[in-house]
Amino acid sequence: MKHLDVIVIGGGHAGAEAAAAAARLGARTALVTLRADAIGVMSCNPAIGGLGKGHLVREIDALDGVMGRAADAAGIQFRLLNRRKGPAVQGPRAQADRKLYRLEMQRLLAAEENLTVVEGEVVDLRMEGQAVTGVVLQDGSEISARSVILTAGTFLNGIIHIGDQRQQGGRMGDHPSVPLAQKLAALDLPRGRLKTGTPPRLSGRSIDWASLEMQPGDDVPVLFSFLNRAPIARQISCGITHTNEATHDIVRANLGRSAMYGGHIEGVGPRYCPSIEDKVVRFADKTSHQVFLEPEGLDDDTVYPNGISTSLPAEVQESYVRSIAGLQNVVILQPGYAIEYDYFDPRSLRPTLELKSIEGLFFAGQINGTTGYEEAAAQGLVAGLNAAARALGRDPIHFSRSDSYIGVMLDDLLTRGVSEPYRMFTSRAEFRLALRADNADQRLTPKGIALGCVREDRRIAFAAKLDLMEQAHAALQARQLSSRDLAGTGITVRQDGARRSGFDLLSFGEEARETVESLFPDFAALPAEIREQVAIDALYAQYLHRQEQDARLLQREEETRLPTDFDYPAMPGLSKELALKLARLRPDTLAQAARIEGMTPAALTLLLAHVRKARRNAASA
Amino acid sequence: MNTIYALASARGKAGVAVLRLSGPGSHAAVAGLCGPLPEPRRASLRRLVKDGVELDQALVILFPEGESFTGEAAAELHLHGSLAVVQAVMQALAGEHGLRLAEPGEFTRRALENGKLDLAQVEGLADLIEAETEAQRRQALRVLSGAIGRRAEEWREKLIRAAALIEATIDFADEDVPVDVAPEVLALGHAVLADLRREALGGRAAERIRDGFEVAIIGAPNAGKSTLLNALAGREAAITSEIAGTTRDVIEVRMDIRGLAVTLLDTAGLRETEDQVERIGIDRALSRARMADLRVFLISDEALPGIEPEDGDILIRGKADLGGGGVSGKTGQGIAELIEEIGTRLLERSASAGVITRERHRLAIERAIEAMESAMSEVEKGTARAELAAAELRIALRALEALVGRVDVENLLDEIFSSFCIGK
């Protein structure tokens, strides 16, 4: 029998990132997957990043993860979303060539010293009491390990629906993992059922591109990895078209044949990613919806029409798709389908993504009720680092709401659970102005260096950047200007007698940039990206100062521990619903309690009062 | 959970003294003294007996769990109001069924812990107990009923809606969302802002109702200020004489004018002087008069140095007994009319009082106003600054949450509870 530190089950985005992270931290790691050539497959839309999601990719990259680098290598169209809004809410996004992404991911994993890929199906977990000690493969062989990470995605009890046809499976063309699912069912963990949908895949050759509006990438592409500067692959444009009344009529007339509307599906779908059926029913007054036509690769004819996912029968799909401008003669390569799957209630997890009830078993990715490659990969990173830390006898590695989107996601999942597939948004982060995509390296790379999961090349690049940042700040502080000094420069300041540094002046926004650079030539001489970064810091400086108060309050709440023996149902002031929730979730801290759905300020005060009472009683006893 | 007991009424001889018990053992403790228990929430006469000795005949009322002031099982014993009876019954209860004497404010604390009152309501209760005048009573009762929590909840809902609109344009920029949410956000924000500003203004009036208005009587030396004060107060609070400059310090008299708590201030006569002690008195008079809510100028032929009447101040001739109309402390002429006038003017000001009554409330509202003003101006600057507008809205929401007590109430709880007395 082989003996390892960490075993990762599954080679999707969570599994790949988890395996890479565990190996980087120095744990001997095996990634067990059915097919090694399917590692890094993008099973849904051919894109990485976006709002909130782009932040996650940057954070993964700041800790030297693989997703950002793979996406940069595979990116065929880069767009910074919200370019016209503030830098804190801008998110990098890229269309990715599916094949390039997969190959780059496999190359990156192959390059990991401590990582081996094992082809096979895990059929059972080895257990010793309430601790996991390894896995059993279908051929009967066993691998022992201190930590096991399960990233089973949508493969658990997955059912695919196309109209009234249904088949078992986690992804079109793949087999569901039945024995493992049965094994997990026996663990008796609370779970729920979710669904998600995909659109039909179209043949690019059959699309009338000439008649469509085309959307190119940004002139100056913004990449994901802090180590990369320019795209590698050839860049392309996406097409934009719209549904129309005729499309909606066809959908409406066939609603009864849709798996989702025909009553075949019990799972809950995401509200932010509605199917075309949903759109037509719930937004009946809209006569048109946008559809993005996204090529799946440079040498791939497949096009992913983003915005029309469906579970209608194949022939209905063909007729509604052909009613859309530019798609009159389109050929469907693969019909759209809805998939239902089981997820495990993430409230059963610790902040390390280890199960509370089974030592050494970690869950990451869609299995925890999230959706999206980026959310999955970020969890993979957390599980990988912590599984390795556990195997190597090191302290757990934590992320907080005030240091990262990763921390926000973990906290949301662990305290609120999910009621629909969980997706990251920037609005989930209350410290959004501080947690930016542009400063993810400054927030997390030092942590990664301290942990030992950041390699030499990144460490050197980061140190060089910090050095330049310091030079920039020094240059801007070199002179303090009065309002008289600024007369005629184009910057108007209050005549308050205050003297202002270049950094202070940068907070006036974009318009002040040029003037500041002419007044502070040492600053102007620095690289553009450093100047940009400092300008963003300046823009938010005063807000960050004000948010510190909130961050301190959060810290106090995080430090206020709730006794594990609190008898919530017996606390008379709590509503029954809230008391049951608290009893079930057993939040560790007041901060976690504060974010439980339905929590009210009054109920929180009540909890605090009880904590204080418990303390008083303990003191007087 | 302990069962606690304490005398709820004031100590001393009275017709009735009320002893209150709260906690799981309260009913058993009462049964131990009076035998078979009456039905809950029904007053019944019972003989209280301990070890075969009759202690008193008392009215016994039981409250079931969830239907009492504290939310716990509770009881009240209405005893004859004698020190000896109260002493005997308290002794009989001590130690029985785990009973102990309540700490200061413990009944109220339990009401808070059991969700019977929110933080603002606890404050309202404290004010109600302290209330001396009609206006204070009405105001405290309004707070106790949860008015602040209701208002804060209304504002919170609107701001959450506004924040959600902004967030939608940020997080779903690439999708089919309303392009311009500014009009609705501005409408919601300005509606809340107008409410908040009104509350902040009314807050000062409400604080006055709670703490009392100050009315300063000022005038030249020997204008009859002290005589007037004594007449208004109905007693000799200030020394009066024919010698100009008799009053040196500020003399305060509290009175109830048309339901409002009012502190009348008698001050040193205002004149240019070489006398150092008189000079100090005059400076003090001026500064107190300027800070007062209302000034009564007793005018004579001499001009007053150092102070001008403000809008709403009362100007009246003093020493009317010497002829020429006005008011006279000596004869009582015009006194009733003056009191009427002071009352009318203060009532006008207190009419604006809103639901907030404490400095803590006003500060929270002012913080919210400041954040809301910035939020609105960021919204007006366009979508490029949407994340800043959202940040300001969050700050405003936080401030409003503090009104009904969120988690930074830790220190506050101490202060609130320490200002309570046993048994309230």
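Residues numbered from 1 in each chain as written. Chains lettered and ligands numbered in written order. Predicted model: local features only at pLDDT ≥ 70, side-chain atom pairs only at ≥ 80, totals over all residues. Heavy atoms only, no water.

**With respect to the domain arrangement of chain A**
All names here are of chain A. Selection criterion: The domain limits used here are those given by an automatic or database domain assignment. We call two residues in contact whenever any of their non-hydrogen atoms come within 4.5 Å of each other. Defined in terms of a 1.4 Å probe, buried area is the accessible area two parts forfeit on being brought together, summed over both. A carboxyl oxygen of Asp or Glu within 4 Å of a side-chain nitrogen of Lys or Arg is what we treat as a salt bridge. Polar contacts here mean pairs of N or O atoms no more than 3.5 Å apart (in protein, one a potential hydrogen donor and the other a potential acceptor; neighbouring residues in sequence count only if both atoms are side-chain atoms). Note on conventions: DSSP H or I runs of at least 4 residues are helices, E runs of at least 2 residues are strands, and numbering of each starts at the N terminus.
Segmentation of chain A into domains returns domain 1 (2–197 + 341–451), domain 2 (201–219 + 229–337), domain 3 (456–547) and domain 4 (560–620). Here the C-alpha centroids of domain 1 and domain 2 sit 27 Å apart. On the domain 2 side, the residues contacting the 40 residues of domain 1 number 43 residues. Summed over both partners, the interface of domain 1 with domain 2 comes to about 3,400 Å²; 52% of that surface belongs to carbon and sulfur atoms. In this assembly, domain 1 and domain 2 are joined by four salt bridges. In this structure, the salt-bridge partner of Asp-218 is Arg-83, at a minimum N-O distance of 2.9 Å. Put simply, domain 1 and domain 2 have 14 residue pairs in polar contact (both at pLDDT 80 or more) between them. The set of elements that each furnish at least two residues to the side of domain 1 that touches domain 2 consists of α3 (67–74), β4 (75–81), β5 (91–96), α4 (98–110), β10 (159–162) and β12 (191–197).

**Quick word on the UniProt feature "binding site: FAD" (unreviewed entry) in chain A**
Residues and elements named next belong to chain A. How we decide: UniProt positions are given in the numbering used here, feature names are shortened, and annotations may be inferred rather than shown by experiment. Only protein chains enter the area calculation, which uses a 1.4 Å probe; residues under 20% of their type maximum are buried, those over 50% are exposed, and those in between are partly exposed.
In this structure's numbering, the residues bearing the UniProt feature "binding site: FAD" (unreviewed entry) are Gly-10, Gly-11, Gly-12, His-13, Ala-14, Gly-15, Val-122, Ser-177 and Gln-366. One can find Ala-14 in helix α1 (residues 13–24). Given a relative accessible area of 5%, Ala-14 falls into the buried group. Those residues in contact with Ala-14, other than ones at most four positions away along the chain, are Thr-151, Ala-364, Gly-365, Ala-376, Ala-377 and Gly-380.

**So, the environment of A:Arg546**
Summarising the element assignment, A:Arg546 is placed in helix α17 (residues 528–559). It is 43 Å that separates the C-alpha atoms of A:Arg546 and A:Ile308, two residues lying 238 residues apart in sequence. Setting aside residues no more than four positions away along its own chain, A:Arg546 makes contact with B:Glu392 and B:Ile395.

**Details of the sheet that holds β5(A)**
Residue and element names in this part refer to chain A. Going by this rule: Should DSSP find at least two bridges between two strands, the strands are taken to pair. Fitting a line to C-alpha atoms yields each axis, with helices limited to the stretch in contact; the angle taken between N-to-C directions then spans 0 to 180 degrees.
Read across the open sheet, the three strands follow the order β3-β5-β4; overall the sheet is antiparallel. Looking at the sheet topology across the chains shown, the edges are occupied by β3 (47–49) and β4. If you compare each strand with its neighbour and ignore which way they point, the axes differ by 20° on average. Of the strand pairs in this sheet, β4 and β5 are connected by six bridges, and their pairing is antiparallel. Looking across to β5, one finds that Gly-75 is bridged to Ala-96. Each of β3 and β5 is contacted by helix α2 (residues 53–62), which is oriented at about 75° to β3, the strand it contacts most. Packing against the sheet, α3 makes contact with β3, β4 and β5, and its axis sits at approximately 115° to β4.

**Digging into the packing of aromatic side chains**
Applicable threshold: Each aromatic pair joins two rings of Phe, Tyr and Trp (for Trp, the six-membered one) with centres within 6.5 Å, and gets the label stacked for planes under 30 degrees apart, edge-to-face for over 60, and tilted for any other angle. Charges are assigned to positions over rings by a cutoff of 6 Å between ring centre and Lys NZ or Arg CZ, combined with an angular limit of 35 degrees from the ring normal.
Applying the stated criterion across every chain, the model contains two aromatic pairs over all chains. With 5.6 Å between their ring centres and 85° between their planes, A:Phe566 and A:Tyr568 make a pair best called edge-to-face. Here A:Phe566 and A:Tyr568 have matching classes, each one buried. Between A:Lys447 and the ring centre of A:Phe399, over which it is positioned, the NZ or CZ distance is 4.4 Å. The ring of B:Phe107 has B:Arg20 lying over it, and the distance from NZ or CZ to the ring centre is 5.3 Å.

**Here's the deal with α2(A)**
Of all the 10 residues making up α2(A), 10 are buried; the element is thus mostly covered by neighbouring parts of the structure. For α2(A), the complete set of buried residues consists of A:Lys53, A:Gly54, A:His55, A:Leu56, A:Val57, A:Arg58, A:Glu59, A:Ile60, A:Asp61 and A:Ala62.

**Remarks on the pattern of salt bridges**
Residues and elements named next belong to chain A. Counted under the stated rule, the structure contains 64 salt bridges over all chains. Ionic pairing is found between Glu-142 and Arg-126, a salt bridge with its closest N-O pair at 2.6 Å. Remark: Arg-126 occurs in strand β7 (residues 122–128) and Glu-142 occurs in strand β9 (residues 142–150); sequence separation between them is 16 residues. Judged by relative accessible area, Glu-142 falls into the partly exposed class, the value being 31%. Salt bridges sharing common partners tie together Asp-61, Asp-64, Arg-69, Glu-112, Arg-455 and Arg-458.

**Looking at the UniProt feature "domain: TrmE-type G" (unreviewed entry) in chain B**
The positions UniProt marks with the feature "domain: TrmE-type G" (unreviewed entry) are residues 212–347 of chain B. Taken end to end, residues 212–347 of chain B is 28% helix and 23% strand, and its two terminal C-alpha atoms sit 12 Å from one another.

**Topic: the UniProt feature "binding site: K(+)" (unreviewed entry) in chain B**
Residue and element names in this part refer to chain B. Mapped onto the present numbering, the UniProt feature "binding site: K(+)" (unreviewed entry) falls on Asn-222, Ser-241, Ile-243 and Thr-246. A maximum C-alpha distance of 8.4 Å places the annotated residues, which cover 25 residues in sequence, within one compact spot. Within the secondary structure layout, Asn-222 lies in the loop between β7 (213–219) and α8 (225–233). Within the secondary structure, Thr-246 sits in the loop between α8 and β8 (251–257). The exposure class assigned to Thr-246 is partly exposed, which follows from its relative accessible area of 31%. Sequence-distant contacts of Thr-246, that is, excluding residues within four places in its chain, are made with Ile-239 and Ser-241.

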